[in-house]
Amino acid sequence: MRYFEESMYRLIEETSTNLPADVRRALKRAQEMEDAGTRAALSLSTIADNIEMAETNVSPICQDTGMPTFIIKCPVGANQIEMKKAIRSAVARATKDGKLRSNSVDSLTGANTGDNLGEGTPVIHFEQWEKDEIEVRLILKGGGCENKNIQYSLPTELEGLGRAGRDLDGIRKCILHAVYQAQGHGCSAGFIGVGIGGDRTTGYELAKMQLFRPVDDVNPNEDLRKLEEYIMEHANKLGIGTMGFGGQVTLLGCKIGAYNRLPASFFVSVAYNCWAFRRQGVRIDIGSGQIQDWLYERGSSVQMSDTKQPMEAAAIAGEKRREFVLHTPVTEEQIRQLKVGDVVIIKGPMYTGRDAVHKYLVDHDCPVDLNGAALYHCGPVMLKDEDGNWHVKAAGPTTSIREEPYQADILKKFGVRIVIGKGGMGAKTLAALKEHGAVYLNAIGGAAQYYADTIKRVNGVDFLNFGVPEAMWHLEVDGFAAIVTMDAHGNSLHADVEMDSLQKLSQFKDPVFI
Ligand SMILES: O=C(O)C[C@H](O)C(=O)O
Ligand code: SF4
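Keep in mind the model is a prediction, meaning the values are calculated, not measured. Numbering of residues starts from 1 in every chain and runs along the sequence as written. Working convention: letters from A go to chains and numbers from 1 go to ligands, in the order in which they are written. The predicted origin of the model limits local features to residues at a pLDDT of at least 70 and limits the giving and counting of side-chain atom pairs to 80 or more, whereas totals for whole chains, interfaces and linings rest on all residues. Derived side-chain values reflect all non-hydrogen atoms in the structure, with water molecules and hydrogen atoms excluded from consideration.

This part covers the domain arrangement of the protein. As assigned here, the protein comprises domain 1 (1–141 + 300–316), domain 2 (143–273) and domain 3 (322–497). These domain limits were set by an automatic method or by a database of domain assignments. Spacing between the C-alpha centres of domain 2 and domain 3 amounts to 32 Å. In this description, contact between two residues means that some pair of their heavy atoms is separated by no more than 4.5 Å. Taken together, the contact pairs twelve residues of domain 2 with 14 residues of domain 3. As used here, buried area is the combined drop in accessible area, with a 1.4 Å probe, of two parts when they are placed together. Among the residues of domain 2 in contact with domain 3, His-185, Met-243 and Phe-245 are the three that bury the most area, contributing 59% of the side total.

For helices the rule is a DSSP run of H or I covering at least 4 residues; for strands it is a run of E covering at least 2, with both sets numbered from the N terminus onward. Summarising the element assignment, His-177 is placed in helix 6 (residues 168–182). Residues contacting His-177, with those up to four places away along its chain left out, are Tyr-152, Leu-158, Glu-159, Leu-161 and Leu-505.

Every one of the 13 residues lining ligand 2 counts as a neighbour, but Cys-62, Gly-142, Cys-187, Cys-274 and Arg-278 are closest to it. Per-class residue counts for the shell around ligand 2 are six nonpolar, four polar and three charged. Looking at which domains feed residues into the shell around ligand 2, each of domain 2 (143–273) and domain 3 (322–497) supplies at least three. Any residue with at least one heavy atom within 4 Å of a molecule or strand is counted as near it. Residue classes follow a fixed rule: Ala, Val, Leu, Ile, Met, Phe, Trp, Tyr, Cys and Pro count as nonpolar, while Asp, Glu, Lys and Arg count as charged, and any other residue, Gly among them, counts as polar.

This part covers the layout of surface pockets. Of the two site types, the cavity is a set of points on a 1 Å grid over the protein atoms alone where a 1.4 Å probe fits but cannot get out, and the pocket is an open set with protein on both sides within 12 Å along at least five of seven lines, each lined by residues with an atom within 4 Å of a point. Grid points are joined across faces, edges and corners, and a volume is the space filled by probe spheres set on the points. The space that makes up the second largest pocket amounts to roughly 360 Å³. Looking at the second largest pocket, it is lined by 20 residues, and the ones nearest its centre are Arg-29, Val-215, Met-232, Leu-252 and Gly-253. Considering each element in turn, the lining of the second largest pocket owes the most residues, five residues, to strand 8 (residues 251–258). A class-by-class count of the residues in the lining of the second largest pocket yields ten nonpolar, three polar and seven charged.

This part is about the site of ligand 1. Residues in close proximity to ligand 1 include Gln-63, Asp-64, Arg-101, Gly-143, Gly-144, Arg-354, Thr-398, Thr-399, Arg-402 and Lys-422, which together make up its full environment. Between ligand 1 and the protein, one listed contact pairs an oxygen atom with a side-chain N or O atom of Thr-398 at 2.8 Å. In protein, a polar contact requires one atom able to donate a hydrogen and another able to accept it; more generally it is a pair of N or O atoms within 3.5 Å, and residues adjacent in sequence count only if both atoms are side-chain atoms. Arg-402 places a polar side-chain atom, nitrogen or oxygen, 3.3 Å from an oxygen atom of ligand 1. Look at ligand 1: alone it shows 270 Å² of surface, and the protein chains cover 93% of it. Residues belonging to the shell around ligand 1 are distributed by class as follows: no nonpolar, five polar and five charged. The residue makeup of the shell around ligand 1 includes at least three contributed by each of domain 1 (1–141 + 300–316) and domain 3 (322–497). A 1.4 Å probe and the Shrake-Rupley method give the accessible areas. Residues count as covered only by the protein chains that appear here.

Here it is, written out as structure tokens:
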């Protein structure tokens, strides 16, 4: 097992940087279904470019490299203690090399361990089997989509769908509702794994395990096969679309499994995974520890960006789409001219700030002048070179709704004019944007290489004590493109899509599986 640690490193690197072929194909099918020039099509082509860039740069597809979760099957007698040590060492090394973001945070103190090792991280599950080889599967599921996981306890009453009973039709309703409630927050279009039954813990576990099934497999259970097909067809009628921008494709895959349950319990657990569906696996030689083969077809065989239509070309592609190049800092007048649907391309300084920074700024001063500034909800992957200079390795947006309790106050207090993130924000922020003359731009979630490429320099950093993802990075950008989804006139694309999709959801109220 001399090479086991190196094999684990390669598995981590491959999973983080090279999206597998089955996932790529699902995204290509989505691209074919969206009309050229629409927001959904533009986002999908940015996603396609990003996938290729990640593979070429051997850098993370998305900056949130998630909770590394290893599922291992090994023969009786294999040394699990040694394997665990090797996995932990490979995780730390991959973090140091910028293949993983330092993502392990002390829940009480907020301290980032810096190497992805800590209580409960990484997650490693062992199971013994009869075969004479080792199989290791890895999933890197990010926090934004993890936040959209949901567990239902039947019977229940569901928004838009009414009563969901303890039967196949009740399960159907829960799954549709799960897709609806995720909206664009978890970087749709997504994949869902569903666990029927079990208890609260094993139900979620089963749901997550479904995500290891190949996208194109067929469920051997006839009832579940029918349900999967039904969900794929109907969830895509909700109109949520890529990034929640509206569109034909909301769901890219649905896999359902069932466990027995207790008479009193009936759980339906849904694991929501973003389009950046990073999972791979390897078969390992028990003697040498070397990789024998990959368990999922590797991404390199499916080329993504043949239908290239970068976001910057939006003004040409979409007849009515307007495009604005803004040099930061900006004025109120520049912001007031923007409307939902416009494409904005930013040049100049930009500051990152996410959960810890927002909480801090509410009661403290800011070390930089944010007047007219662009504030980017982003926790990048950063590497420091030998000369002490920082480099951005991956830098897509994070889910903005988490900052809803703070954003309006921060706009007012510091004079921020551009907020950039993904998934949109709520009514309080919308009102503040209108009152103070600011705008919300939706960047393409998961497009971490695409955005890293627009960052030309790192000018400085504050709050590094919050950890790398939570620090305030001072960036210099050129060609940073995003879409206005909340303007300074009280319009929100997110509110519109949410309302519209709720109406569409209620079409599926009547029983189907009786
Ligand atoms: O933590 C991040 O950078 C992103 C997160 O996965 C999210 O989707 O909000
Ligand atoms: S930012 Fe989006 S693509 Fe990245 S992990 Fe979060 S949900 Fe997934």
